[in-house]
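Spelled out, the chains give:
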Amino acid sequence: MVGFDLVDLNPLVDPGYATVLNAKQVVDECMTGITLRKLGLGNRDYLSPLTRRDARR
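What comes next concerns the included structure.

Conventions we followed
Residues numbered from 1 in each chain as written. Predicted model: local features only at pLDDT ≥ 70, side-chain atom pairs only at ≥ 80, totals over all residues. Heavy atoms only, no water. Helix = DSSP H or I, 4+ residues; strand = E, 2+ residues; numbered from the N terminus. Expected span 1.5 Å × (residues − 1). Buried < 20%, exposed > 50% of the residue type's maximum accessible area, 1.4 Å probe, protein only. Arc of directions from axis to C-beta. Contact = heavy atoms within 4.5 Å. Salt bridge = Lys/Arg side-chain N within 4 Å of Asp/Glu carboxyl O.

## Section: unusual backbone geometry
Next up, step 1: Residues other than glycine seldom take positive phi values, yet Tyr17 does so here, at roughly 60°.
Next up, step 2: Looking at the element boundaries, Tyr17 is found in the segment before helix H1 (18–38).

## Considering H1
Next up, step 1: Taking 1.5 Å as the rise per residue, H1 with 21 residues should run 30 Å; its terminal C-alpha atoms sit 30 Å apart, in good agreement.
Next up, step 2: When H1 is considered as a whole, its buried residues turn out to be Ala23, Cys30 and Ile34. All buried residues of H1 lie within an arc of 35° about the axis, which places them on one face of the element. Projecting away from the buried face of H1 at angles above 90 degrees are the exposed residues Leu21, Asn22 and Glu29.
Next up, step 3: In the stretch just after H1, Gly40 is the one whose phi turns positive, near 80°.

## Section: the environment of Leu9
Next up, step 1: Looking at the element boundaries, Leu9 is found in the segment before H1.
Next up, step 2: Separated by 10 residues in the primary sequence, Leu9 and Thr19 have C-alpha atoms spaced 7.1 Å apart.
Next up, step 3: Excluding its chain neighbours within four sequence positions, the residues that come into contact with Leu9 are Thr19, Val20 and Ala23.

## So, the pattern of salt bridges
Next up, step 1: Evaluated as defined, the whole model comprises 1 salt bridge.
Next up, step 2: Note that Lys24 is salt-bridged to Asp28, the shortest N-O span being 2.6 Å. Residue Lys24 and its partner Asp28 are located together in helix H1, separated by 4 residues, close to a single helical turn.

Note that every value here comes from positions in space, so none of it alone points to a role or purpose.
In structure tokens:
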């Protein structure tokens, strides 16, 4: 993935802001994925050293 485009978002028609919150989550996850790949951390099983140890280590 090189980039992404978020379309069809109209917060004026969504009184509960559910669409806006979902769009924010999608943008945050896309930006995180792009950043991790640029840092060379695109491995599917990557575990951040800041997280707790789990059974995969």
